[in-house]
Amino acid sequence: WPTTSPYTNVKTRAEQIEAEYDYVIIGGGTSGLTVGDRLSENGKYSVLAIEYGYFDTQTGMNPKRMFNITSKPQPGLNDRTFPVGIGCVVGGSSCVNGQVFLRGTKEEYNAWETLGGGNSTWNWEGLLPYFKKGITLSPPEPVQAKNYNITYDMAYWGTTSKIFGTFGTNYLQPYIKVLYNAMKNMPGIAVPVDSGAGEPGLYWYPISQDPIKYERSYARSGHWDDLNRGNYEMLVGAKVTNILFDGTTATGVTFTSRNSSDTPPAQVKARRQVILAAGAVHTPQILMRSGIGPSPLLKDADIPVLVDLPGVGSNFQDHSYIRNIAYSWGTTPTDSDLDLELFNKPRDIIAARAPGGGAPSLAAMIGLPVVTPDKYEALAQAYESQDPAAYLPSNYEETQIEGYKQQQKVWAKLMRSTNPVFLEIMLHGPGGAIQNLHCMSRGTILMDPKDPDGEMQVDYRAASNPVDVDVMVEMIKFMRRYMTTGDLAQYEAKESLPGSNIITDSELAAWAKEQIIPSVYHPIGTAAKMPREWGGVVDEDLQVYGTTNLTIIDASIMPTIVGATTSMTVYAVAEKAADIIKARTGWD
Ligand SMILES: Cc1cc2nc3c(=O)[nH]c(=O)nc-3n(C[C@H](O)[C@H](O)[C@H](O)COP(=O)(O)OP(=O)(O)OC[C@H]3O[C@@H](n4cnc5c(N)ncnc54)[C@H](O)[C@@H]3O)c2cc1C
């Protein structure tokens, strides 16, 4: 390692590339490769993607394919630190991710429209065509659909993209349908026709998997491997340090070799557009290194200020979770129609005898009024009555406080709606992980002014807003109700974590602070698409304020996080971004 690639248009040295391309994309990850594919598809324009990682024949989470970053200690979580998972390989985080393939709900995307300040097309209706363009759904096998009563609706999916959603076929599970039915019968739980319908509820969902090869479907397999276009090149093992400007017009980038410190920095020019796709952790670094960011920090780092944009590196959000609300069954349930004889056979025999018939993945995605019918109103009231600045980083400027105030307004309303997904439970029980998908705390990802090219300082500021712990307490109580009342009561499950001695809200909160992990590897928001007077970094066309020819297309542009794993939304955003860039730069 580094692994060499089989493609002649993958370059490993600065002298192998041209001096100038029409489009230069920083980051050959999920969003970067999607847009690179679209901008090179008519063959008329030259495109270069510059990627810090290398080609790898394997995929999946592994230190050699990930950045090595540890978060700052989290005072809200008893000063614990956490690994910051980000892919650094061709394909980016889509090459290492968990392949859970979900999208958010309608009101979560409509919040982006409200936070756009007027005339925004960043809403459910505006994004649905791009979910369809971006993802092909491979329907479940008929036997599987019948076994598990899987419904789907192709109105929410496309058929042309080479990024695939496929219903996985796990081995037969002894009680997955018991869990399904028990959750379905919990008060307020809906069963939408499709996980892609923009609705919360209980669903079997696809994973990002090729339906034929049964391998990971990701940005490289879908947007690079079969292309082999003469007008599309990739430079790997190269770190972009900063963007070049003529005045405030982006004209190219400077990069260094990732491995050899004795190679001098090199430059490449972009005739039409520089496209920033380095992900929510490193996009802010490249902006700041280029003089775009909070001016006090830039001055500390001795970087001349090109555009004072305080929002760069702020507004950081992720999902948070508790790994295990742990139970053991009193009596283990079994599905009434399960073929027990088959089930007890070794796994390979089961797989051979039930081709396509195993259970796909199952999730319960639940709005706050369903999580806590008694408390959601009080939680929403407590949240909306907060002084917006009370729990924000102390260096937030007025525009940023105003932006958070707008978010607070939107989200206090959405805490009262059943549509946005606050709680996610992947059902394979008993018990299991609970995820809070809408934290109100806001973190920062900032450059170390003493070492601007060193790793970014990632501060989740988890639980800095107390409402997040209060919400997590209600999620624990929901899991307790699910496991011990209703359909599952008969199985007399015993709780070992938090345990029967942890009862009151304050006991649960103290336990939660010991347990919460502030990231599901879904960082977003650090170059948010919001009005500049609300602390935004990019406009509705994803152009960086105060500049021309510079567009951001990655997860950092999301103003607020969606109640779903993030990759599918990143693909849809990138598809929309490609159309915006084409229209703006006269692509035909
Ligand atoms: C471990 C893990 C598990 C996840 N699980 C899921 C899941 O199950 N389901 C899901 O939907 N989502 C999941 N996600 C999240 C999802 O994959 C990401 O939200 C999405 O891929 C981000 O896309 P992006 O384009 O913003 O960034 P990335 O795909 O991360 O791309 C950014 C690229 O830029 C490169 N880069 C960074 N800095 C530089 C530089 N200076 N110069 C050149 N290149 C640079 C990086 O190496 C990287 O390849 C997971 C992520 C991780 C890391």
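Residues numbered from 1 in each chain as written. Predicted model: local features only at pLDDT ≥ 70, side-chain atom pairs only at ≥ 80, totals over all residues.

S.K.: Would you take a moment to explain the overall build of the protein for this structure?
M.R.: The helix and strand tally for the protein stands at 16 helices and 21 strands. Rg of the C-alpha trace for the protein: 24 Å, near the compact-globule value of 25 Å for 588 residues, within the 12% margin. Over its C-alpha atoms, taken along the principal directions, the protein stretches across nearly 70 × 55 × 45 Å. Looking at the protein as a whole, 55% of its 588 residues qualify as buried. (Helix = DSSP H or I, 4+ residues; strand = E, 2+ residues; numbered from the N terminus. Rg over C-alpha atoms; globule rule 2.2 N^0.38 Å. Buried ≥ 20, exposed ≤ 12 C-beta atoms within 10 Å, placed from the backbone.)

S.K.: Even after reading the chapter, I still don't get the sheet that holds strand β16 (residues 423-426), so can you show me in this structure?
M.R.: Where strands meet in a sheet, backbone hydrogen bonds hold them as pairs that are either parallel or antiparallel. On the basis of which strands lie adjacent, the open sheet formed by six strands has the order β6-β15-β16-β17-β14-β20 and antiparallel pairing. Edge positions in the sheet fall to β6 (201-205) and β20 (494-497), since each has one partner strand and no second. Averaged over all adjacent pairs, the angle separating strand axes in this sheet is 25°, with direction ignored. Summarising the sheet, β16 and strand β17 (residues 431-436) pair through two bridges and their orientation is antiparallel. If you follow Glu424 over to β17, its bridge partner there is Gln435. (Pairing = 2+ DSSP bridges. Axes fitted to C-alpha atoms, helices over the stretch in contact; angles between N-to-C directions.)

S.K.: When you look at the sheet that holds strand β4 (residues 136-138) in this model, what are you seeing that I'm missing?
M.R.: Here three strands make up an open sheet; going across it, the order is β4-β5-β7 and the pairing mixed. Since the sheet does not close on itself, it has two edges, and those belong to β4 and β7 (207-208), each with one partner. Sheet analysis places strand β5 (residues 164-166) next to β7, joined by two bridges and oriented antiparallel. Note that in β7 the partner of Gly165 across the bridge is Ser208.

S.K.: I tried to follow the nonpolar core on my own but got confused; where do I start?
M.R.: In globular proteins that are soluble, nonpolar side chains generally tend to be buried together. Core analysis: the largest hydrophobic core is formed by 173 residues, its most contacted members being Val24, Ile25, Ile26, Leu48, Ile50 and Ile275. The element that contributes the greatest number of residues to this core is helix α14 (residues 467-484), accounting for eleven residues. For this core, the two domains that each supply at least three residues are domain 1 (10-138 + 216-316 + 523-584) and domain 2 (320-331 + 360-515). Not counting chain neighbours up to four residues away, the residues in contact with Ile50 comprise Val24, Ile26, Leu235, Ala238, Val240, Val253 and Phe255. (Core = buried A, V, L, I, M, F, W, Y, C linked by C-beta atoms within 7 Å. Domains from an automatic or database assignment. Contact = placed C-beta atoms within 7 Å.)

S.K.: In this structure, what is going on with the packing of helix α1 (residues 30-40) against helix α16 (residues 567-584)? I would like to understand it.
M.R.: Helices that pack against each other are described as a pair by the angle of their axes relative to one another and the distance between those axes. Following both chains from N to C, one finds α1 and α16 inclined at 35°, their axes separated by 9 Å at the closest point. Every pair of crossing elements has a handedness; the one defined by α1 and α16 is right-handed. Within the contact between the two elements, α1 uses Thr30, Ser31, Thr34, Val35, Arg38 and Leu39 and α16 uses Ser567, Val570, Tyr571, Val573, Ala574, Glu575, Ala577, Ala578 and Ile581. Partitioning the contact of α1 with α16 into residue classes produces nine nonpolar, four polar and two charged. (Left-handed = near helix turned anticlockwise from the far one by under 90°. Nonpolar A, V, L, I, M, F, W, Y, C, P; charged D, E, K, R; others polar.)

S.K.: Looking at this structure, I do not really get the packing of α14 against helix α15 (residues 505-515). What am I missing?
M.R.: The geometry of α14 relative to α15 is characterised by a closest axis approach of 9 Å and an angle of 105° between their N-to-C directions. The angle between α14 and α15 places the two elements in the roughly perpendicular class. Between α14, through Val469, Met472, Val473 and Ile476, and α15, the contact on the second element is made entirely by Asp505, Leu508, Ala509, Ala512 and Lys513. Class assignment for the residues of the contact of α14 with α15 results in seven nonpolar, no polar and two charged. (Parallel < 35°, antiparallel > 145°, perpendicular 65-115°, else oblique.)

S.K.: Mind showing me how you'd approach the site of the ligand here?
M.R.: Residues in contact with the ligand amount to 40 residues; listed here are only the nearest, Gly27, Gly29, Gly92, Gly98 and Thr565. Of all the secondary-structure elements, those providing two or more residues to the shell around the ligand are α1, β3 (47-51), β9 (238-246), α7 (279-289) and α16. (Near = placed C-beta within 6 Å.)

S.K.: I would appreciate a short explanation of the pairing of strand β8 (residues 232-236) in the present structure.
M.R.: Residues in a regular strand point their side chains to alternate faces of the sheet. Most of β8 is tucked away: five of the five residues are buried. As judged from the two bridges shared by strand β1 (residues 10-11) and β8, these two strands associate in the parallel manner. Residue pairing across strands places Lys11 opposite Leu235, the latter belonging to β8.

S.K.: How should I be thinking about the confidence of the model for the protein in this particular structure?
M.R.: Interpretation of the predicted coordinates at a detailed level should be avoided for regions scoring low in pLDDT. The pLDDT averaged across the protein works out to 94; a share of 95% of its residues lies at or above 70. This prediction of the complex comes with two scores: 0.98 for pTM and 1.00 for ipTM. (pLDDT = per-residue confidence, 0-100.)

S.K.: What is the right way to read the pairing of β16 from this model?
M.R.: Direction of pairing for strand β15 (residues 361-366) relative to β16: antiparallel, over a ladder of four bridges. Within β16, the residue paired with Ala363 across the bridge is Met426. Between β16 and β17, which follow one another and run antiparallel, lie four residues.

S.K.: What exactly am I supposed to notice about the domain arrangement of the protein here?
M.R.: Interfaces are frequently sized by the accessible area removed from exposure as the parts join. When the domains of the protein are assigned, the result is domain 1 (10-138 + 216-316 + 523-584) and domain 2 (320-331 + 360-515). Distance between the C-alpha centres of domain 1 and domain 2: 27 Å. Of the residues lining the interface, 45 residues belong to domain 1; the matching set on domain 2 comes to 41 residues. Breaking the side of domain 1 that touches domain 2 down by element, the ones donating at least two residues are α2 (106-114), α7 and α8 (295-300). Of the residues contributing to the side of domain 1 that touches domain 2, the split by class is 20 nonpolar, 18 polar and seven charged.

S.K.: Help me understand unusual backbone geometry in this model?
M.R.: Leave glycine aside and you will find that most residues have negative phi; peptide bonds, for their part, are mostly trans. Following Gly429, the chain continues to Pro430 via a peptide bond in cis, the omega torsion being 10°. Here Pro430 is to be found in the loop between β16 and β17. Notably, Asp302 is not glycine yet its phi reads approximately 65°, a positive angle. Mapped onto the fold, Asp302 is located in the loop between α8 and β13 (307-308). Despite not being glycine, Asn315 shows a phi value in the positive range, around 60°. Positionally, Asn315 belongs in the loop between β13 and β14 (320-328).

S.K.: Quick question: what am I supposed to make of the UniProt feature "binding site: FAD" (unreviewed entry) in the protein here?
M.R.: UniProt's entry tags Thr30, Ser31, Val89, Asn97, Gly98, Gln99, Val100 and Val240 with the feature "binding site: FAD" (unreviewed entry), counted in the numbering of this structure. With a sequence span of 211 residues, these residues are also far apart in the fold, their greatest C-alpha distance being 29.8 Å. If you trace the backbone, Gly98 turns up in the loop between β3 and α2. Among the secondary structure elements, Val240 is positioned in strand β9. Judged by the 26 C-beta atoms lying within 10 Å of it, Val240 falls in the buried class. Other than its neighbours up to four places away in sequence, Val240 contacts Ile26, Ile50, Val253, Phe255 and Ile286. (UniProt positions renumbered as here; feature names shortened; annotations may be inferred.)

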